[in-house]
Amino acid sequence: MHESDPAVQIAGLVKRYGDKTAVQGLDLIVDHGTLTAVLGPNGAGKTSTIECCEGYRRPDGGTVRVLGLDPVADAARLRPRIGVMLQSGGIYQSVRAMEMLRHVAGLYANPLNVDELAARLGLDSCGKTTFRRLSGGQQQRLSLALAVVGRPELIFLDEPTAGLDVQARHATWELIEQLRADGVTIVLTTHLLDEAERLADKVAIIDQGRVIAYDSPQRLADTSREQDAIRFEAPAGLDLTALSIAVAPAAKASEPTAGSYHVTGEITPDTLAATTAWCASLGLMPRNLQIEQRSLEDVFLDLTGRELR
Ligand SMILES: Nc1ncnc2c1ncn2[C@@H]1O[C@H](COP(=O)(O)OP(=O)(O)OP(=O)(O)O)[C@@H](O)[C@H]1O
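Residues numbered from 1 in each chain as written. Predicted model: local features only at pLDDT ≥ 70, side-chain atom pairs only at ≥ 80, totals over all residues.

The name an unreviewed UniProt entry gives the protein chain is ABC transporter ATP-binding protein, with Actinospica durhamensis as the organism. In its Subcellular location (unreviewed entry) section, the UniProt record describing the protein chain reads: "Cell membrane". (UniProt positions renumbered as here; feature names shortened; annotations may be inferred.)

Shown next, in the form of structure tokens:
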């Protein structure tokens, strides 16, 4: 493969289970060294797509190339170069945690330091415990450690922090950020908007087996900027003329209910300054002034008509 080829290239992917079409013509390109969060409601086709990339499922249509290779036909060449964290399973239940981590590290030429990695993920205290007896959160952190210990070029993580407590979630995010800073390409699925917002260079929103939006979290949120608002309270019946002129044409001012003022539209620092300057010109202190910005969550709701979970 050429360095300029994308790390992951999915074109027209179709995956069916009986008469159920889980993925229907999905396209996605992931560049080297980036972190892509695949976000979507339950059953959107995220896991099916990732499993086709990992070579665990054979596509029913379309093409998937990972590091320039076919994940099914070239599995033997691809496996040593990628790290995979599955949602469940794939781990021997009766092997002790640290033994497993050391064993897997030993399969790679240049693994991460096992003790450091275990300490970082809070696994050092459960080294002698078998996988079966680890708590759900510990099993998950061990799965993550196994996925990254070989220093893969590309890592697939299926809901890496689902069900983790706040502390473990932050430790996981820091590890993922470190890998990303080291130049590793990462594709993760998540239901968590804050996870996508914090970690991702690009967010792919998947719904009903297709990618319906793919951009940086910031740019996705910006696409619906016109619905931002400044809200505040002041004495009822003020003359809005000066404020309307100051915020036009990108925004407009209104008093939808007596004493409650809204400036809606594209809210920029200038719009905010014009609003407070108008208050100052009337000698007023606005009460409960709030800026409401569209979040990734609003964008998601707009696009899919659904909550994430
Ligand atoms: N092995 C299977 N057999 C039959 N149907 C399946 C199988 N795996 C997935 N499906 C169905 O395919 C659809 C997509 O599932 P998939 O797990 O890819 O979605 P997802 O976006 O990862 O969902 P979740 O967020 O719930 O994990 C769902 O309707 C699911 O029920």
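Enquirer: Sorry, what's going on with the overall build of the protein chain here?
Expert: The helix and strand tally for the protein chain stands at 11 helices and 13 strands. Across its three principal directions, the C-alpha atoms of the protein chain cover 75 × 45 × 35 Å. Here the protein chain, with 309 residues, has 36% of them falling under the buried criterion. In the protein chain, the share of contacts with a sequence separation of at least 24, taken over all contacts with a separation of at least 6, comes to 69%. (Helix = DSSP H or I, 4+ residues; strand = E, 2+ residues; numbered from the N terminus. Buried ≥ 20, exposed ≤ 12 C-beta atoms within 10 Å, placed from the backbone. Contact = placed C-beta atoms within 7 Å.)

Enquirer: Would you mind showing me how to read the domain arrangement of the protein chain here?
Expert: Many authors give the size of an interface as the accessible area that is lost as the parts come together. The domains assigned to the protein chain are domain 1 (8–92 + 150–222) and domain 2 (225–293). Of note, the centres of domain 1 and domain 2, computed from C-alpha atoms alone, are 42 Å apart. (Domains from an automatic or database assignment.)

Enquirer: Even after reading the chapter, I still don't get helix α11 (residues 296–304), so can you show me in this structure?
Expert: Note that an α-helix has 3.6 residues per turn; residues three or four places apart therefore point the same way. Residues Leu296, Val299 and Phe300 constitute the buried set of α11. Relative to the axis of α11, the buried residues are bounded by an arc of 100° and lie together on one face. The elements touched by buried residues of α11 are β3 (35–39), α7 (193–199), β8 (202–207) and α8 (217–222). Once α11 ends, the next one or two residues include Gly305, with phi positive near 70°. (Arc of directions from axis to C-beta.)

Enquirer: What is the right way to look at the pairing of strand β6 (residues 154–158) in this model?
Expert: Look at any regular strand and the pattern is simple: side chains alternate between the two faces of the sheet. Burial of β6 is extensive: five of the five residues sit out of reach of the surface. What you see with β6 is no split at all: Leu154, Phe156 and Asp158 on one side and Ile155 and Leu157 on the other are buried throughout. Here strand β5 (residues 82–85) pairs with β6 via four bridges, running parallel. From the neighbouring strand, Gly83 faces β6, where its bridge partner is Ile155. Crossover β6 to strand β7 (residues 185–190) through helix α6 (residues 166–181) is right-handed. (Pairing = 2+ DSSP bridges. Right-handed = clockwise from strand over helix to strand, strands pointing away.)

Enquirer: Please explain the sheet that holds strand β1 (residues 8–17) as it appears in this structure.
Expert: The three strands lie next to each other as β2-β1-β4, forming an open sheet whose pairing is antiparallel. Two strands bound the open sheet, and with one partner strand each, they are β2 (20–30) and β4 (61–66). The mean inter-strand angle of the sheet, taken between neighbouring strand axes irrespective of direction, is 25°. Helix α1 (residues 46–54) contacts β1, β2 and β4 of the sheet and is inclined by roughly 120° relative to β1. (Axes fitted to C-alpha atoms, helices over the stretch in contact; angles between N-to-C directions.)

Enquirer: What exactly am I supposed to notice about the environment of Leu78 here?
Expert: Of note, Leu78 is situated in helix α2 (residues 75–78). Overall, Leu78 belongs to the buried group, with 21 C-beta atoms counted inside 10 Å. Aside from chain neighbours lying at most four places away, what touches Leu78 is Gly55, Val66, Leu67, Leu69 and Pro71.

Enquirer: It is not clear to me how the packing of helix α3 (residues 97–106) against helix α5 (residues 136–148) should be interpreted in this structure. Could you clarify?
Expert: The N-to-C vectors of α3 and α5 enclose an angle of 15°; their axes lie 9 Å apart at closest approach. When the interaxial angle is binned, α3 and α5 end up roughly parallel. The element α3 and its partner α5 pack so that their crossing is right-handed. Listed contacts from α5 to Ala97, Met100, Leu101 and Val104 of α3 are Leu142, Ala145 and Leu146. The residue inventory of the contact of α3 with α5, partitioned by class, reads seven nonpolar, no polar and no charged. (Parallel < 35°, antiparallel > 145°, perpendicular 65-115°, else oblique. Left-handed = near helix turned anticlockwise from the far one by under 90°. Nonpolar A, V, L, I, M, F, W, Y, C, P; charged D, E, K, R; others polar.)

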